[in-house]
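# Examining the three-dimensional arrangement
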Amino acid sequence: MTNKKLIVITGASSGFGAEIAKIFNQAGNPLLLIGRNIAKMEALPLDFTNIMLAQADVTNLTDFTASIRRAEAKFGPTDLLVNNAGIMLLGNVENQSSQEWQTMLDTNVMGVLNGTQIVLQNMIDRQGGTIINMSSIAGFKAFTNHAAYVASKFGVHGATETIRQEVASKNVRISLVAPGAAETNLLTHVTSKSALNDYQSWKESMGGITLDPKYVAQTVKFIYDLPQAVEIREVDIAATRQD
Ligand code: NDP
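Here's what I pulled together on the structure shown here. (Residues numbered from 1 in each chain as written. Predicted model: local features only at pLDDT ≥ 70, side-chain atom pairs only at ≥ 80, totals over all residues.)

## A closer look at the overall build of the protein chain
Helices and strands together make up the secondary structure of the protein chain, namely seven helices and seven strands. Walking the protein chain from its N terminus toward its C terminus, one meets helices and strands in the order β-α-β-α-β-α-β-α-β-α-β-α-α-β. Compactness check: the protein chain gives a C-alpha radius of gyration of 17 Å against a globular reference of 18 Å for 243 residues, within 12% of the reference. Taking the principal axes of the C-alpha coordinates as reference, the protein chain spans close to 50 × 40 × 35 Å. Taking as baseline every contact in the protein chain between residues at least 6 positions apart, the subset at least 24 positions apart corresponds to 71%. (Helix = DSSP H or I, 4+ residues; strand = E, 2+ residues; numbered from the N terminus. Rg over C-alpha atoms; globule rule 2.2 N^0.38 Å. Contact = placed C-beta atoms within 7 Å.)

The structure is reproduced here in structure tokens:
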């Protein structure tokens, strides 16, 4: 049994979340991995000895809470929550479905607020703990075809800074990681062919080189490994060629 503390990662079944799971698994932390597809998480190349998997949607506060409480009953309080789950659906505002906007705002904003609320009281009570929110370069810079996604990630930036101000005096850390474009499953949900084409042209204009997700995982670990009294408020990380 490890004496390391519980780390909760949402959206751990692919992309950044899977890399973050890998790096903390190698470090020996007990993990709770949350996603909507258990089979995808079971297939990850991890040592599952100290890993709990939970099928939960971050927009469902009841299921999300229950999964974290189950892990805490086994491993102790959550010391790091990585609010990583997110979805990006591209399109022009004049014809994109409002259901796509709703899905993004629910997942990317409500999911982050839900996760934060679930772990925060215990962190405040014990005056320790860390929350890392996965935002995006699109959290402070606009991109065409990205209106609702940009709105959701600007929301994550605003909420994170607000919460930081609320909990700083309690010695609770909350940080933002804002990555640039990376090859993950993120684009697989996009329904607009023209938006997808625009995205691919944009990527090619930067030499087709995107950020390797492993550097996002390393960034998350660096933020967490600093002493509790030191808080990285925000890291923006992208492929050097990205505009
Ligand atoms: P992926 O699609 O590979 O991963 C997204 C993860 O979120 C999956 O594990 C998915 O799992 C999970 N997820 C989606 N919706 C929900 C939900 N409602 N409840 C629980 N889990 C959910 O994409 P990325 O790894 O790229 O995305 C991770 C984060 O990084 C997102 O917040 C994204 O916005 C952000 N980001 C990505 C960038 C990129 O270029 N890739 C750039 C900047 C930021 P499942 O479907 O099994 O539930």
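## So, the nonpolar core
In terms of nonpolar packing, the biggest core is built from 50 residues, with Val8, Ile9, Ala21, Leu32, Leu33 and Val220 touching the most fellow members. Leu90, Ala138, Ala148 and Tyr199 belong to the second-largest nonpolar core, a separate cluster that totals nine residues. (Core = buried A, V, L, I, M, F, W, Y, C linked by C-beta atoms within 7 Å. Buried ≥ 20, exposed ≤ 12 C-beta atoms within 10 Å, placed from the backbone.)

## Observations regarding the site of the ligand
Around the ligand lies a shell of 29 residues, among which Gly11, Gly15, Arg36, Gly86 and Thr184 are the nearest. Its residues assigned to classes, the shell around the ligand comprises 11 nonpolar, 15 polar and three charged. (Near = placed C-beta within 6 Å. Nonpolar A, V, L, I, M, F, W, Y, C, P; charged D, E, K, R; others polar.)

## Here we look at helix α1 (residues 15–27)
Helix length check: α1 (13 residues) gives 19 Å between terminal C-alpha atoms against 18 Å at 1.5 Å per residue, within 8%. Within α1, the full set of buried residues consists of Phe16, Gly17, Ala18, Glu19, Ile20, Ala21, Phe24 and Asn25. Buried residues in α1 make contact with β1 (6–10), β2 (31–35), β3 (51–55), β4 (78–83), β5 (130–134) and α7 (213–225). Backbone geometry just downstream of α1 places Gly28 in the positive-phi region, at approximately 90 degrees. (Expected span 1.5 Å × (residues − 1).)

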